[in-house]
Amino acid sequence: MKKRHVVIVTNNIDGGVGTFLNQMSSLQTNTRKISLLTLRKEINASLPSFSSNNAFPYSTHSLTKIFKEFLWLKRHIAHQKPDIIVSVDVHASLLICFLKIFFFQHISVIVS
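What comes next concerns the included structure. (Residues numbered from 1 in each chain as written. Predicted model: local features only at pLDDT ≥ 70, side-chain atom pairs only at ≥ 80, totals over all residues. Heavy atoms only, no water.)

### With respect to the environment of Ile-107
With respect to the element layout, Ile-107 can be found in the loop between helix 3 (90-102) and strand 5 (108-111). A relative accessible area of 2% places Ile-107 in the buried class. Along the sequence, Ile-107 and Ile-84 sit 23 residues apart, while their C-alpha atoms lie 5.8 Å from each other. The residues contacting Ile-107, other than those within four sequence positions of it, are Ile-77, Pro-82, Asp-83, Ile-84, Ile-85 and Lys-100. (Helix = DSSP H or I, 4+ residues; strand = E, 2+ residues; numbered from the N terminus. Buried < 20%, exposed > 50% of the residue type's maximum accessible area, 1.4 Å probe, protein only. Contact = heavy atoms within 4.5 Å.)

The structure is reproduced here in structure tokens:
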């Protein structure tokens, strides 16, 4: 049986998201691999992350940053080749929805 690969994409792992991710990681089995991509670098975390800045003011600079996040996610998703992507917050969900429309139509997406 093929091992299913699930990638969880989130903006950060603070608060309730961290609890959700702990519960999801307990679902990992011999037939299911679960990976995490986070857009904000967490203190003492060794996860693939995009940046260390938690603030997001809306300006031309932030539009550039959103585009860079989009490309960063595209590169990591293409490399990991998941069967399912679970996005956990609004920012990550919007990016994932656009990526699915333009590049990853064959991947199932769950927006949470």
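### Side note on the pairing of strand 2 (residues 32-40)
Buried residues dominate strand 2, accounting for seven of its nine residues. Note: strand 1 (residues 4-10) against strand 2, seven bridges, orientation parallel. Each bridged residue has a counterpart across the sheet, and for His-5 the counterpart in strand 2 is Lys-33. You can see the chain leave strand 1, run along helix 1 (residues 16-25) and come back into strand 2, and the turn it takes is right-handed. (Pairing = 2+ DSSP bridges. Right-handed = clockwise from strand over helix to strand, strands pointing away.)

### What to know about helix 3
The end-to-end C-alpha distance of helix 3, which contains 13 residues, comes to 18 Å, matching closely the 18 Å that a straight helix rising 1.5 Å per residue would cover. Within the sequence span of helix 3, burial applies to His-91, Ala-92, Ser-93, Leu-95, Ile-96 and Leu-99. (Expected span 1.5 Å × (residues − 1).)

In short, shape yes, function no, at least from these values alone.
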